[in-house]
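Coordinates in review
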Protein chains: 2
Amino acid sequence: MPETALETVAIAGVGLIGGSFALALRQAGFRGAILGVSSPRTIARALELRVIDEGVALEEACSRADLVYLAGPIHSILETIPRLDALLRPGALVTDAGSTKSLICQAGARLSRAQFLGGHPMAGKELRGVESAEAGLFHGRPYLLTPRRPEDLDTPAAVEFVEWVRRIGAVPKILAPEQHDQVVALSSHLPQLLSTALASGLGRQDCGADVAAAAGPGLLDSTRLALSAWDIWRDILDTNQEAILAAMDLFADRWKELRETMAHGVLEEDFRQGRAFAEMLRAQRSNNGDTSR
Amino acid sequence: MPETALETVAIAGVGLIGGSFALALRQAGFRGAILGVSSPRTIARALELRVIDEGVALEEACSRADLVYLAGPIHSILETIPRLDALLRPGALVTDAGSTKSLICQAGARLSRAQFLGGHPMAGKELRGVESAEAGLFHGRPYLLTPRRPEDLDTPAAVEFVEWVRRIGAVPKILAPEQHDQVVALSSHLPQLLSTALASGLGRQDCGADVAAAAGPGLLDSTRLALSAWDIWRDILDTNQEAILAAMDLFADRWKELRETMAHGVLEEDFRQGRAFAEMLRAQRSNNGDTSR
């Protein structure tokens, strides 16, 4: 562990992710101050639940914090970054937890008084809000870090932040912002759209009620993502259109191939390949120490 | 409860489903004999685990049973049915637990000495074999019954069987065999193929390792079905090709629409429809009293 320079952290957006990051830092031994920037109602709840030490305005948060953690929705992160430059302490580190990275990291690169390092913790759950925050949320989960240049990770502030990411039990992975957006288009946005396509398509069928009546555990798994909130996905789809369209086209090609094999051949090799990838995912997860469902 | 005529049940194929049906019957108060027809190794395990009372050959099972429950793989059910006619007690009921119903019910209709009533319990889990059998497997789960004619449900043997299906906690649903196969093509076979297509497609990507490293809970849900065993799916795909191809084409159309909207519009309405269907499924499940994951 490097000498600790991190004394004050400001969390902008004290919801599930921001609140969990605050709790995780504390549990991992962080002894400095944790400031929260959120609506008055959220701040009151966060203080009550001892998630943050103090609720302050963005201006005050920036004037005091060594680390500013932007955990709101993507559009709010994009609106907030340009306002920070006049407010930040020189040498501060700004990071975020937004689900897409190219546009956010472009905005971050325009900061002159502080360093920006994009992040994306691959954690979440069905419930939202500070009430659902938990110190263990990041445990065993990948934490994607998206420096625009590899040397962005070498500054003292970045080195210390990455060390805290490890200390909260997450597994840091480095990807360039554009590479990140292509990877999550496949790993996250494509599965979301498949679930939405399946569930919305089945709902339109005349026999939709019979389909629901006959649902087994597989259909429940396949439609879990379809429950996701639109307000989060609107921002994701808006800020990663190109990579998502490419992922959708890739799936359309795979589906066409599978249909041909279903009509004229045997799907054994496709099942084998699918199973191999699904097993590889699970091995990776268990290597990370992720013991959740 | 009608006067009980059911004294002896024979389970052909004492695996997860057959074994669980035996345990569930017993737990629901069935006091008659439960015979098992399986490989010597499985019979030994089933006796040890007190899943069945006695292991016998198919011939003896048929000469003694009032209810013959075919719980093997689809191809074995299809091979077994024609052999039963010479062996069954007059008035016996033959049922099965195969995942597709048109071909099986056609074969069943050719029995002359006994009645056939197709069935399909919508239950299962990742583990297979009699060691994984449990009395609660069917609790709160749909149990699809597929009479070729509605009056097939009115015979005393059928009335009593349906009563036992209820007693083991399952929720009987009536569908004609062809209707069943169309419904499960959408509710079960389509989700399976989507999961296999997704996982096999991602595995082929150059960035497949990054995708795996970045996997969150959504990708784990979406690839769970891709772990399914090919030997079970080979039979399902072989015996429901037409309905599966229709379901695949339906999905391809939905995907194309979604892609167009992604490129030129807003997906809010698709998300709303998907969520509504996913919520409806869950409401249905909780109405059934299913409290599993």
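Source: prediction; values computed, not measured. (Residues numbered from 1 in each chain as written. Chains lettered and ligands numbered in written order. Predicted model: local features only at pLDDT ≥ 70, side-chain atom pairs only at ≥ 80, totals over all residues. Heavy atoms only, no water.)

For the match of chain A to chain B, the screw axis carries a shift of 0.0 Å, the RMSD comes to 0.0 Å, and the turn is 180 degrees. Such a turn and shift between the copies fits a two-fold axis. The fraction of interface residues of chain A whose copies in chain B are also interface residues reaches 100%, indicating that both copies meet through the same surface. (Least-squares fit on C-alpha atoms with pLDDT ≥ 70 in both. Contact = heavy atoms within 4.5 Å.)

Residues and elements named next belong to chain A. Burial runs high along strand S2 (residues 33-37): four of the five residues are buried. Of the crossover connections in this fold, the one passing from strand S1 (residues 8-12) over helix H1 (residues 16-27) to the parallel S2 is right-handed. Pairing of S2 with strand S3 (residues 54-55), which is carried by two bridges, proceeds in the parallel orientation. Paired with glycine 36 across the bridge in S3 is glycine 55. Crossover S2 to S3 through helix H2 (residues 40-48) is right-handed. (Buried < 20%, exposed > 50% of the residue type's maximum accessible area, 1.4 Å probe, protein only. Helix = DSSP H or I, 4+ residues; strand = E, 2+ residues; numbered from the N terminus. Right-handed = clockwise from strand over helix to strand, strands pointing away. Pairing = 2+ DSSP bridges.)

Let us now look at helix H6 (residues 156-167) of chain B. Residues and elements named next belong to chain B. Taking 1.5 Å per residue as the helical rise, H6 with its 12 residues ought to reach 16 Å, and the 16 Å between its terminal C-alpha atoms agrees with that figure. For H6, every residue scored as buried is listed here: Ala158, Glu160, Phe161, Val162, Trp164 and Val165. Residues of H6 that are buried in the fold lie against helix H1 (16-27), strand S4 (67-70), strand S5 (93-96), strand S6 (115-121), strand S7 (142-146) and strand S8 (171-174). Directly beyond the C-terminal end of H6, a positive phi value near 95 degrees is found at glycine 169. (Expected span 1.5 Å × (residues − 1).)

Relative to each other, helix H12 (residues 268-287) of chain A and helix H7 (residues 177-204) of chain B sit at 70 degrees, their axes nearing to 7 Å. Relative to H7(B), H12(A) is oriented roughly perpendicular. On H7(B), the residues that touch Asp270(A), Phe271(A), Gln273(A), Gly274(A) and Phe277(A) of H12(A) are Gln192(B), Leu193(B), Thr196(B), Ala199(B), Ser200(B), Leu202(B), Gly203(B) and Arg204(B). Residues that form the contact of H12(A) with H7(B) fall into these classes: five nonpolar, six polar and two charged. (Axes fitted to C-alpha atoms, helices over the stretch in contact; angles between N-to-C directions. Parallel < 35°, antiparallel > 145°, perpendicular 65-115°, else oblique. Nonpolar A, V, L, I, M, F, W, Y, C, P; charged D, E, K, R; others polar.)

This brings us to the interface of chain A and chain B. Contact with chain A, which involves 83 residues of that partner, is made by 83 residues of chain B. With both sides pooled, the region where chain A packs onto chain B buries about 8100 Å², and carbon together with sulfur makes up 71% of that total. For the pair chain A and chain B, the number of links is eight salt bridges. Put simply, Arg204(A) and Glu257(B) hold a salt bridge, and the shortest N to O gap is 3.0 Å. There are 22 residue pairs in polar contact (both at pLDDT 80 or more) connecting chain A and chain B. The element contributing the most residues to the side of chain A that touches chain B is helix H7 (residues 177-204) of chain A, with 18 residues. Class assignment for the residues of the side of chain A that touches chain B results in 47 nonpolar, 19 polar and 17 charged. (Buried area = accessible area lost by both parts, 1.4 Å probe. Salt bridge = Lys/Arg side-chain N within 4 Å of Asp/Glu carboxyl O. Polar contact = N/O pair within 3.5 Å; in protein donor to acceptor, adjacent residues only side chain to side chain.)

Within the structure shown, the criterion is met by four cavities of 30 Å³ or more. The calculated volume of the largest cavity comes to roughly 120 Å³. If you trace the largest cavity, you find it lined by Pro191(A), Leu194(A), Ser195(A), Leu198(A), Ser222(A), Pro191(B), Leu194(B), Ser195(B), Leu198(B), Asp221(B), Ser222(B) and Leu225(B). Looking at the lining of the largest cavity, the elements with two or more residues in it are H7 of chain A together with H7 and helix H9 (217-222) of chain B. Considering only residue class, the lining of the largest cavity consists of seven nonpolar, four polar and one charged. (1 Å grid on protein atoms, 1.4 Å probe; cavity = no way out; pocket = protein on both sides within 12 Å on 5 of 7 lines; lining within 4 Å. Points joined across faces, edges and corners; volume = space filled by probe spheres on them.)

All names here are of chain A. Across the sheet, eight strands lie side by side as S3-S2-S1-S4-S5-S6-S7-S8; this open sheet has mixed pairing. Looking along the sheet, the strands with just one partner apiece sit at the ends: S3 and strand S8 (171-174). Both S1 and strand S4 (residues 67-70) contribute to a ladder of four bridges, which runs parallel. When the sheet's bridge partners are listed, alanine 10 is paired in S4 with valine 68. Seen against the sheet, H7 touches strand S6 (115-121) and strand S7 (142-146) and runs at an angle of roughly 140 degrees to S7.

Okay, the pattern of salt bridges next. Any two side chains of opposite charge can pair, on the condition that their charged atoms come close. Residue and element names in this part refer to chain A. Summed over the entire model, instances satisfying the criterion amount to 44 salt bridges over all chains. Residue aspartate 66 pairs with arginine 89 through a salt bridge whose shortest N-O separation is 3.8 Å. You can see aspartate 66 sitting in the loop between helix H3 (58-64) and S4 and its partner arginine 89 sitting in the loop between helix H4 (74-84) and strand S5 (93-96), a full 23 residues away along the chain. Judged by relative accessible area, aspartate 66 falls into the buried class, the value being 19%. Judged by relative accessible area, arginine 89 falls into the partly exposed class, the value being 37%.

Here we come to the packing of H7(B) against helix H10 (residues 230-238) of chain B. All names here are of chain B. For the pair H7 and H10, the least separation of the axes is 12 Å and the interaxial angle reads 125 degrees. Comparing the axis directions of H7 and H10 gives the class oblique. Here H7 and H10 pass one another in a crossing that is left-handed. Mapping the contact onto sequence places Ser188, His189, Gln192 and Leu193 in H7 and Trp233, Ile236 and Leu237 in H10. Classifying every residue of the contact of H7 with H10 gives four nonpolar, three polar and no charged. (Left-handed = near helix turned anticlockwise from the far one by under 90°.)

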